[in-house]
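Reading the structure
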Amino acid sequence: MTNIRAIVTDIEGTTSSIDFVRDVLFPYARKRLPAFVETHADKPEVQHWLHEAAKEAGIIEASRQEIIELLLGWIDQDRKSTALKALQGMIWKEGYEAGEYRAHVYPEVSARLHAWRADGLHLYVYSSGSVPAQRLFFRYSDAGDLTPMFAGYFDTETGPKRESASYAKIAEAIGERPEHILFLSDIVEELDAARTAGLQTGWLLRPPQAVPVQPRHRAYLDFDSIEP
Ligand SMILES: CSCCC(=O)C(=O)COP(=O)(O)O
Ligand SMILES: [Mg+2]
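Looking up the chain in an unreviewed UniProt entry gives the name Enolase-phosphatase E1, with the organism given as Frateuria terrea. Its UniProt record gives the chain a comment under Catalytic activity (unreviewed entry), which states: "5-methylsulfanyl-2,3-dioxopentyl phosphate + H2O = 1,2-dihydroxy-5-(methylsulfanyl)pent-1-en-3-one + phosphate". Under the Subunit (unreviewed entry) heading, UniProt states for the chain: "Monomer."

1. Considering the nonpolar core
If you look at the biggest cluster of nonpolar residues, it comprises 60 residues, and the most contacted ones within it are Leu 71, Trp 92, Tyr 96, Leu 113, Trp 116, Phe 137 and Phe 138. Looking at this core element by element, the count peaks at nine residues for helix 1 (residues 18-40). Here this core spans two domains, since at least three of its residues come from each of domain 1 (6-16 + 104-225) and domain 2 (20-97). Discounting chain neighbours no more than four positions away, the residues touching Leu 71 are Leu 33, Leu 50, Ala 53, Leu 84 and Leu 87. Counting 19 residues, the second largest nonpolar core, distinct from the first, contains Ala 6, Phe 183, Ala 193 and Ala 194.

2. Brief notes about the sheet that holds strand 2 (residues 122-126)
Read across the open sheet, the six strands follow the order 3-2-1-4-5-6; overall the sheet is parallel. Edge positions in the sheet fall to strand 3 (152-154) and strand 6 (219-220), since each has one partner strand and no second. As paired strands, strand 2 and strand 3 are joined by three bridges and run parallel to one another. Bridge pairing in strand 3 places Val 125 opposite Tyr 153. The sheet contacts of helix 5 (residues 109-118) involve strand 1 (6-9), strand 2 and strand 4 (181-185), and relative to strand 2 the element is tilted by about 135 degrees.

3. Thoughts on the domain arrangement of the chain
As a measure of interface size, the accessible area lost when the parts come together is often cited. We note that the domain assignment places domain 1 (6-16 + 104-225) and domain 2 (20-97) within the chain. Measuring from the centre of the C-alpha atoms in domain 1 to the corresponding centre in domain 2 gives 25 Å. Listed as interface residues are eleven residues of domain 1 and, on the opposing side, 14 residues of domain 2. Roughly 1100 Å² is buried in total at the junction of domain 1 and domain 2, and carbon and sulfur atoms are behind 68% of that figure. Counting the surface domain 1 buries against domain 2, the share from its top three residues, Glu 12, Leu 136 and Tyr 140, is 38%. Between Lys 80 and Glu 12 there is a salt bridge whose closest N-O contact spans 3.4 Å. For the pair domain 1 and domain 2, the number of links is two residue pairs in polar contact (both at pLDDT 80 or more).

So, how was this worked out
- Residues numbered from 1 in each chain as written.
- Chains lettered and ligands numbered in written order.
- Predicted model: local features only at pLDDT ≥ 70, side-chain atom pairs only at ≥ 80, totals over all residues.
- Heavy atoms only, no water.
- UniProt positions renumbered as here; feature names shortened; annotations may be inferred.
- Core = buried A, V, L, I, M, F, W, Y, C linked by side-chain atoms within 4.5 Å.
- Buried < 20%, exposed > 50% of the residue type's maximum accessible area, 1.4 Å probe, protein only.
- Helix = DSSP H or I, 4+ residues; strand = E, 2+ residues; numbered from the N terminus.
- Domains from an automatic or database assignment.
- Contact = heavy atoms within 4.5 Å.
- Pairing = 2+ DSSP bridges.
- Axes fitted to C-alpha atoms, helices over the stretch in contact; angles between N-to-C directions.
- Buried area = accessible area lost by both parts, 1.4 Å probe.
- Salt bridge = Lys/Arg side-chain N within 4 Å of Asp/Glu carboxyl O.
- Polar contact = N/O pair within 3.5 Å; in protein donor to acceptor, adjacent residues only side chain to side chain.

Here you go:
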């Protein structure tokens, strides 16, 4: 890799385990979502995202209960809906602040982020989780508060992660040429989209995943093997 000035990393499957998101965060949000919506539906931000969810599903006239059912179904499908992610983030906040869980990060990640920062690289996050959820995730990580490592955060309000236009927008927002940015993810379609926009790519294949014989992107088992 040459001339990397910025690294943009995905979260789930890249800095952190899919199991933590699936087995801790999603069930926490699922259990509390109905009461959260009933309690906070009068708040403009909550109202906005409930309306966006209904719009996305094409059910504008839906009752509150129908929207709750819709959102619970989306949690089960792991649908990367911007509206669902925003609402999940608000619910997770309560869990982090109550000390119910800490966000998982793989053991080598914190040291690597510190080393890259010390080398003058600028670090960013791009995840389907909402930006507030990303900030909470790294603030309450099991490696301590990692938010000082990151210069900025992007979510699907910038655009879907499998569309190259999203990466072009991120490069513009960061103020770096795409070829000077390394995007890290566990999802090959996201990496394909980033490459189409001109970014360099790194494919995190955390064990027990097998590295294909001819991977479409440079493959890494962990952050220690990445030399930007
Ligand atoms: C940081 S919020 C929790 C993760 C989440 O909801 C999610 O969808 C993560 O997707 P990613 O794009 O990081 O693979
Ligand atoms: Mg991922």
